[in-house]
There are 2 protein chains.
Amino acid sequence: MELARAVTAQADSAWGPGSAKRLLMAMLSAAVDSALPGRCVPANLPSPPRGRTIVVGAGKAAAAMAQAVEDHWPTPVYGVVVTRYGHTTPCRSISVLEAGHPIPDQAGVEAARTLLDTVSGLGPDDLVLCLISGGGSALLPALPPGVSLDDERALARALINSGASISEMNCVRKHVSLIKGGQLAAAAAPARVVTLVISDVPGDDPSTIASGPTVPDPTTRHDALAIIERRGIAVPPSILAWLGSAASETPKPQPGSEPDCRLIATPQLALEAAATVAREAGFQPLILGNAIEGEARDVGLVHAAIARQVLDHAQPAKAPCVILSGGETTVTVRGTGRGGRNVEFLLSLLIGLGEHEEIAAIAADTDGIDGTEDNAGAIISHGTLDRARQLGLSAKDFLMRNDAYSFFRATGDLVTTGATLTNVNDFRAILIGAPLSLEPEAR
Amino acid sequence: MELARAVTAQADSAWGPGSAKRLLMAMLSAAVDSALPGRCVPANLPSPPRGRTIVVGAGKAAAAMAQAVEDHWPTPVYGVVVTRYGHTTPCRSISVLEAGHPIPDQAGVEAARTLLDTVSGLGPDDLVLCLISGGGSALLPALPPGVSLDDERALARALINSGASISEMNCVRKHVSLIKGGQLAAAAAPARVVTLVISDVPGDDPSTIASGPTVPDPTTRHDALAIIERRGIAVPPSILAWLGSAASETPKPQPGSEPDCRLIATPQLALEAAATVAREAGFQPLILGNAIEGEARDVGLVHAAIARQVLDHAQPAKAPCVILSGGETTVTVRGTGRGGRNVEFLLSLLIGLGEHEEIAAIAADTDGIDGTEDNAGAIISHGTLDRARQLGLSAKDFLMRNDAYSFFRATGDLVTTGATLTNVNDFRAILIGAPLSLEPEAR
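Residues numbered from 1 in each chain as written. Chains lettered and ligands numbered in written order. Predicted model: local features only at pLDDT ≥ 70, side-chain atom pairs only at ≥ 80, totals over all residues. Heavy atoms only, no water.

Engineer: Where do I start with the confidence of the model for chain A in this structure?
Structural biologist: In regions of low pLDDT, the predicted coordinates are not meant to be interpreted in detail. Residue and element names in this part refer to chain A. A residue-level look at chain A finds 94% of positions with pLDDT of 70 or above and a mean pLDDT of 91. Taken together, the stretch residues 1-6 has pLDDT below 50 and engages in ten contacts with residues farther than four places along the chain or on a different chain. Confidence drops under pLDDT 50 across residues 439-443; counting only partners more than four residues distant or on other chains, this segment forms 19 contacts. Among the prediction metrics, the complex's ipTM stands at 0.88, with pTM recorded as 0.89. (pLDDT = per-residue confidence, 0-100. Contact = heavy atoms within 4.5 Å.)

Engineer: What exactly am I supposed to notice about the domain arrangement of chain A here?
Structural biologist: Many authors give the size of an interface as the accessible area that is lost as the parts come together. All names here are of chain A. If you check the domain split of chain A, you get domain 1 (3-35 + 267-432) and domain 2 (37-265). The distance between the C-alpha centroids of domain 1 and domain 2 comes to 33 Å. Tallying the contact residues gives 13 residues for domain 1 and 16 residues for domain 2. Here domain 1 and domain 2 share an interface that buries about 1,200 Å² over both sides, 56% of which is from carbon and sulfur atoms. Where domain 1 meets domain 2, there are two salt bridges. Measuring nitrogen to oxygen at the nearest pair gives 2.9 Å for the salt bridge that ties Arg 39 to Asp 33. On the surface where domain 1 and domain 2 come into contact, there are three residue pairs in polar contact (both at pLDDT 80 or more). Listing elements by their share of the side of domain 1 that touches domain 2, those giving two or more residues are helix 2 (20-35) and helix 12 (267-280). (Domains from an automatic or database assignment. Buried area = accessible area lost by both parts, 1.4 Å probe. Salt bridge = Lys/Arg side-chain N within 4 Å of Asp/Glu carboxyl O. Polar contact = N/O pair within 3.5 Å; in protein donor to acceptor, adjacent residues only side chain to side chain. Helix = DSSP H or I, 4+ residues; strand = E, 2+ residues; numbered from the N terminus.)

Engineer: Help me out: how do you make sense of helix 5 (residues 106-118) of chain A in this one?
Structural biologist: The periodicity of an α-helix, 3.6 residues per turn, causes residues three or four places apart in sequence to face the same way. All names here are of chain A. Across its 13 residues, helix 5 extends 18 Å between first and last C-alpha, which sits within 8% of the 18 Å expected from 1.5 Å per residue. Residues Gly 108, Val 109, Ala 111, Ala 112, Leu 115, Leu 116 and Thr 118 constitute the buried set of helix 5. Where helix 5 is buried, its residues touch strand 1 (53-58), strand 2 (77-84), strand 3 (94-99), helix 6 (136-139), helix 7 (149-160) and helix 9 (183-188). (Expected span 1.5 Å × (residues − 1). Buried < 20%, exposed > 50% of the residue type's maximum accessible area, 1.4 Å probe, protein only.)

Engineer: Can you help me understand the relation of the copies chain A and chain B in this one?
Structural biologist: With an RMSD of 0.1 Å, chain A superimposes on chain B once it is rotated by 180 degrees and translated 0.1 Å along the axis. Such a combination of rotation and displacement between the chain copies is what one expects of a two-fold axis. The overlap is high: 96% of the interface residues of chain A also sit at the interface in chain B, so the same surface is used on both sides. (Least-squares fit on C-alpha atoms with pLDDT ≥ 70 in both.)

Engineer: Which parts of the structure should I look at to understand the sheet that holds strand 1 of chain A?
Structural biologist: Sheets are built from strands that pair by backbone hydrogen bonding, the pairs being arranged parallel or antiparallel. Residues and elements named next belong to chain A. The strand order across the open sheet formed by six strands is 3-2-1-4-5-6, and the pairing between neighbours is parallel. On the outer flanks of this sheet lie strand 3 and strand 6 (260-265), each paired with one strand and no other. Ignoring strand direction, the axes of neighbouring strands in this sheet form an average angle of 15 degrees. One ladder, built from five bridges, connects strand 5 (residues 192-198) with strand 6; its direction is parallel. Looking at strand 6, one finds that Leu 196 is bridged to Arg 262. With respect to the sheet, helix 4 (residues 62-72) is in contact with strand 1, strand 2, strand 3, strand 4 (127-132), strand 5 and strand 6, its orientation differing from that of strand 2 by roughly 160 degrees. Here helix 5 sits on the sheet and contacts strand 1, strand 2 and strand 3; the angle it forms with strand 2, its principal contact strand, is near 155 degrees. (Pairing = 2+ DSSP bridges. Axes fitted to C-alpha atoms, helices over the stretch in contact; angles between N-to-C directions.)

Engineer: Teacher, can you tell me more about the interface of chain A and chain B here?
Structural biologist: Taken together, the contacts link 26 residues of chain A with 25 residues of chain B. Seen at the junction of chain A and chain B, the total is zero salt bridges. Inspection of the region where chain A meets chain B yields 14 residue pairs in polar contact (both at pLDDT 80 or more). At the level of elements, helix 12, strand 7 (284-289), strand 8 (294-295) and helix 13 (296-313) of chain A are the ones that each hand at least two residues to the side of chain A that touches chain B. For the side of chain A that touches chain B, the element with the most residues is helix 13 of chain A, which contributes nine residues. The class makeup of the residues in the side of chain A that touches chain B is eleven nonpolar, nine polar and six charged. (Nonpolar A, V, L, I, M, F, W, Y, C, P; charged D, E, K, R; others polar.)

Now the structure itself:
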């Protein structure tokens, strides 16, 4: 909540009321706000148990989710969550650990062990609240007997380079872990387990996010071995030995006992929240997709073509409207410049659009950090190209060397929010209206 | 018209009535049909003059356009058009020449000279019908004095590699030519000139298509020189010398005398024709854009994400619907496989969609040739992945080596129409419905 307010405050101070930029910032703010643990955790909490309440969790939002539980839970809670370095927020009775991401480290190994210890020895009247968000898989390397951290890291790298699909990678990961694929929930039995999930993945499948520590796994260790063989994945011998033993099998789904998993924040919900803001401002929202992938500059060109179609032919929607999309683009780095995928998308969009007084757009990572820079994203408006021209900057040249951050820093169009402590992936909005419907910028 | 009938006949024989594939073929057929000279030329002819009617023209559709004029013109006509090798169709009184494309050749030099000769010495009662379609620029290398064909070809290559924008390239091209940028119309004065244009370029600007031989040019030779300097384009000395002389200046627009240019076929009109077919079949058409550009596989991923959004959230449209788009994607060749941009798009779309009984899609070049193969494009349906699996083919592997043609040849999903003798760029349609609304395939 505080972060959403910070975003709004920036909009107020930097850009005048009624401007396109302010509306775009309000949409981003609504999207991020919908996913902030302070908002989405309380609304989805179960009723308290007769016994103890234990909180565990992992992911970029884990600490903020734990804090939200503490703030709203009527009885004492204790437990432990693990988050990425730098993503801590203070909690009172729940321990917050930090660990390595995306490559697992020793702190993660210890955190996974602590989580499993915390849920062991519980009774049927106890409740385990499991708080899951993106990044949880790498943060919880629960090593099987005989498997070292180096083996685990070698597996992580081999999987990424194998060409295996996400579901194939998850099948292998779940069987080379003591916590994934429903094993955390099994360790908590007979306690009741309720999982709250903030999703940053296409499809929002709880068994995929953080490799589903509380979601029983229909795949088998034989599936995992078949994938390793088919994909020719170079796997350390210790891991092959582990997969050869029955002990590596994961808990299987049981008819009539569905896990209680609650999707409390998703890319789609974030887009819907922004759509509501747009509609109230008189702009018809058009949600293209919540899981758009592809090379950022090409995704930018497609968005530009759609926006031009709105202006030229009132298709696929009539202006005033706003085109919304989510998901995660990629950047194939060719140059030596600075910038994440959102500014790269936006610079390509700017080039594809050309000069249009009727269009303004925003692209930002809802976690507040676009790539490895200090900005969440940027905004383009009809002033952007003007300013670039005055500065003698060529948008194409900056894009060619992957230097979108420097471009938008120079034009003064970066959007900076700081880490939001949540993540529902990227947020993009293209506002299209008659020039008169957008008040002049106050800058 | 014959080619459209051929397309429909293929649909009838290969795919059963009522199937998704048949509807997709009917949409492609309607799109191509809208751009066939036999249909779009007669509807846009001016009234005959008191004097002579002379036909000139250039482009991939030039011969078919000339034939359509001959078939529908009430008085005798004569003239000459130039088309790409292999794009001839028999004409009675209009000569059809062939020349090199995309790299100009000696036949093109002679054709350009013949065109200029044909329109010289006309009177105010005469009418010049100028028939323009894509590819006309390379087909008409009208060399200025002192400039050799090798110089012209060196310029063509230097421009393409310079990073110059389309409008910058056109500015240079027009000033290194005796026919482009309105010079053909100037040579025809005082005769009346009417230009019929089949557009394959984003924005449909007649001054861009074939470098606008009948459209006065607001840019100057000084602009051309500035572009050459700014972009560091290595230009042969003969061309620099020509640009230094006042003779290289193009005709400028005169207030009150607009050129009579008629856009008789465009990507947008083709999409609208397909939309009508879809609507009549009960599928709501959603035209995303008529000028979508970008790397084919990434454009495919974005289309896949939009189609999934329709299924999952009834956004940006409710099924049953069809997503339509046009424009021209690009393929960065990494592998050694076969296939044009439309099958590459489609293979990526297939991967992005995964298994969906409710979705079928087509992508094809409206000129009938996707890249350098013998197919126009391909179709995917829920049988495609099944057949690939039975054959042990991995869609991802084929895409990785740019081998989409071989993939769809193996699954039996290629669409072959032969050269259509017209071109309004690529055509893509994604049909999304409830499984029951699409009858089973008859294959």
